[in-house]
Amino acid sequence: MTETKRRKRKKKKSAPQFTYVQVDTRAPEGTVLPKPKFSPLGAQPGQPGDRSAFGFEIHTRLDGKHGRTGVIHTPHGDIQTPCFIPVATQATMKAVTREQMEDNGAQAMLANAFHLYERPGEAVMNAAGGLNEFMNWDKPTFTDSGGFQVMSLGQGFKKTLAMDVEGMKSDDVIADGKERLAFVDEDGVSFKSPLNGGMHRFSAEISMRVQHNIGADIMFAFDELTTLMNTRRYQEQAVERTYRWAQRCIAEHKRLTEERVGKPYQALFGVVQGANYEDLRRLAASQIGSLDFDGFGIGGAIEKRIMGEICSWICDELPENKPRHVLGIAAVDDIFAGVENGGDTFDCVAPARTARNGAVFTKDGRWNIKRAAYKFDFSPIEEDCDCYTCRNYTRAYVNHLLRAGEMTGATLATIHNERFFIHLLEQIRESMDGGYFAEFRDAYLARFYANGSRG
Ligand SMILES: [Zn+2]
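Residues numbered from 1 in each chain as written. Predicted model: local features only at pLDDT ≥ 70, side-chain atom pairs only at ≥ 80, totals over all residues.

Broken down by element type, the protein carries 17 helices and 18 strands. Relative to a compact globule of 455 residues, whose C-alpha radius of gyration would be 23 Å, the protein shows 22 Å and is just as compact. Taken along the three principal axes of its C-alpha coordinates, the protein extends 75 × 55 × 50 Å. Sorting the 455 residues of the protein into buried and exposed places 46% on the buried side. A separation of at least 24 residues holds for 73% of the contacts in the protein among residues at least 6 apart in sequence. (Helix = DSSP H or I, 4+ residues; strand = E, 2+ residues; numbered from the N terminus. Rg over C-alpha atoms; globule rule 2.2 N^0.38 Å. Buried ≥ 20, exposed ≤ 12 C-beta atoms within 10 Å, placed from the backbone. Contact = placed C-beta atoms within 7 Å.)

The subject of this paragraph is the UniProt feature "binding site: substrate" (unreviewed entry) in the protein. In the numbering adopted here, UniProt assigns the feature "binding site: substrate" (unreviewed entry) to Asp144, Ser145, Gly146, Gly147, Phe148, Asp223, Gln273 and Gly300. Mapped onto the elements of the fold, Asp144 is located in strand 6 (residues 141–144). You can call Asp144 buried: it has 31 C-beta atoms within 10 Å. Those residues in contact with Asp144 that sit more than four places away from it in its chain are Leu110, Asn112, Ala113, Phe220 and Leu327. Aside from chain neighbours lying at most four places away, what touches Asp223 is Ser145, Gly147, Thr242, Trp245, Val271, Gln273 and Gly299. (UniProt positions renumbered as here; feature names shortened; annotations may be inferred.)

In this sheet, strand 18 (residues 365–368) lies alongside strand 17 (residues 359–362) in antiparallel orientation, the contact comprising four bridges. When the sheet's bridge partners are listed, Ala359 is paired in strand 18 with Asn368. The antiparallel pairing of strand 17 with strand 18 creates a hairpin that spans two residues between the two strands. (Pairing = 2+ DSSP bridges.)

Moving on: the sheet that holds strand 11 (residues 218–220). Within the open sheet, the eight strands sit side by side as 4-16-15-13-12-11-6-5. Their pairing is parallel. In the strand order of this sheet, the two ends are held by strand 4 (83–86) and strand 5 (109–112), each with one partner. Taken pair by pair, the neighbouring strands of this sheet meet at an average axis angle of 25°, ignoring direction. (Axes fitted to C-alpha atoms, helices over the stretch in contact; angles between N-to-C directions.)

Now for the domain arrangement of the protein. Segmentation of the protein into domains returns domain 1 (53–348) and domain 2 (356–455). The C-alpha centroid of domain 2 is placed 27 Å from the C-alpha centroid of domain 1. Between domain 1 and domain 2, the contact holds 25 residues from the first and 23 residues from the second. Elements that contribute at least two residues to the side of domain 1 that touches domain 2 include exactly strand 1 (55–61), strand 4, helix 2 (98–103) and helix 12 (332–340). At five residues, the largest contribution of residues to the side of domain 1 that touches domain 2 is made by helix 12. Split into classes, the residues belonging to the side of domain 1 that touches domain 2 amount to 14 nonpolar, eight polar and three charged. (Domains from an automatic or database assignment. Nonpolar A, V, L, I, M, F, W, Y, C, P; charged D, E, K, R; others polar.)

At a minimum axis distance of 8 Å, the contact between helix 11 (residues 307–317) and helix 12 shows a crossing angle of 25°. Between helix 11 and helix 12, the angle is such that the two are roughly parallel. Helix-helix and strand crossings are classified by hand; for helix 11 and helix 12 the assignment is right-handed. Of the residues in helix 12, those touching helix 11 at Met307, Gly308 and Cys311 are Asp334, Ala337, Gly338 and Glu340. Class assignment of the residues belonging to the contact of helix 11 with helix 12 gives a composition of three nonpolar, two polar and two charged. (Parallel < 35°, antiparallel > 145°, perpendicular 65-115°, else oblique. Left-handed = near helix turned anticlockwise from the far one by under 90°.)

With that settled, consider the sheet that holds strand 9 (residues 188–192). Where strands meet in a sheet, backbone hydrogen bonds hold them as pairs that are either parallel or antiparallel. Overall, antiparallel pairing links the three strands, which are arranged 8-9-10 in an open sheet. Across the chains shown, the open sheet's two edge strands, defined by having one partner strand only, are strand 8 (182–184) and strand 10 (199–203). Ignoring strand direction, the axes of neighbouring strands in this sheet form an average angle of 20°. Together, strand 9 and strand 10 form the strand contacts of helix 8 (residues 204–214), whose direction differs from that of strand 10 by roughly 95°.

The subject of this paragraph is the UniProt feature "binding site: Zn(2+)" (unreviewed entry) in the protein. Taking the numbering used here, the UniProt-annotated feature "binding site: Zn(2+)" (unreviewed entry) corresponds to Cys385, Cys387, Cys390 and His416. Across 32 residues, the annotated set stays spatially compact, with a maximum C-alpha separation of 8.2 Å. Along the chain, the position of Cys387 falls in the loop between strand 18 and helix 14 (388–392). Setting aside residues no more than four positions away along its own chain, Cys387 makes contact with Asn104, Ile415, His416 and Arg419. Residue position: Cys390 is located in helix 14. Ignoring anything within four residues of it in the chain, the contact list for Cys390 reads Pro380, Ile381, Glu382, Cys385 and His416.

So this is what it looks like as structure tokens:
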């Protein structure tokens, strides 16, 4: 292709013309800034964040698989992996305080860049001294890039990574008849804010600016999310576009790291897309893996049936010595498949969301505590669970609170479900270090799904 032709083609794809809402990135004059409470590693006055405060060590490897145990070092402390990362979308776990999350054994939390961009806004996050100071959490934090939320405005995505596409119509994924709220072009995404209806713009550079203002220990590059319903041709284009955006994210991240002195280093993870196609996943992983990222995210639409295989293809291509986060995992069997095939950290909103509806996870599967059967059941949700709820309260009490719509019901159920996943990953880690992972997995899954449980 000649240069002129290439330019012409690029011009065609240029950003649509919208009037965008002006975003404040600085606090108003006269704002009294809070005194920082925490002392993250590698933050020195007048100096860019020290990158050596971030790192990853591998402890044990699974035979013939990509799975491993290890430790991620961050400026706000270590994460023993594999590990479940609770989702604190709006800089809080819904209905649960950070003290309760600490008591629950949470090692880190993941907030959402898009939601915090919308509210309270990056100016507030930056003036607060970043996410850790703002939410009073002195352990590691993650933010996702906002790409998922922004792009799901264009299509009604399910909120999880793994999809069970059997029997699913395209209408289930593409919200037909709904107003399209997001538009992807070569440079980024324009979208209508669900909060106030204003037109906003996200791009590689804007996502980096927002995530630097939020200041989490680990952040993700801006990527284009596709669905399993997109055409092969579109998936190819999205992989190439995500690669170009990844390079722009790294450049902007380096610039902001140099510019924003006195702050701890924020690690940047590149995200691997490619849907269900082995060649595209391998291509995406080798492209993203060749760049100067601190770690990687396994994202995009994945068919549940081949979730483990997809992780395995990706980890074949990625450098082994960097951590890998599996974005938005859905279920207990997905966690096992993800760990076995190379995932180190996992986040999911499902345990908290389902808890608020009364669904609790136990070793014997997922069941609903709001059912009448539990009205007179004065045993804990799970007999040997060490969570705060099970140590202090009965099924009958949680049943009553949730039926009465009391907020405490959501709190107690969420604490139990979050502990379930945190503890599951603790047990998986021990089984890997102890050399009995396969036995543990088989016994655990057989019991969990024995009653035909979902989840
Ligand atoms: Zn419990």
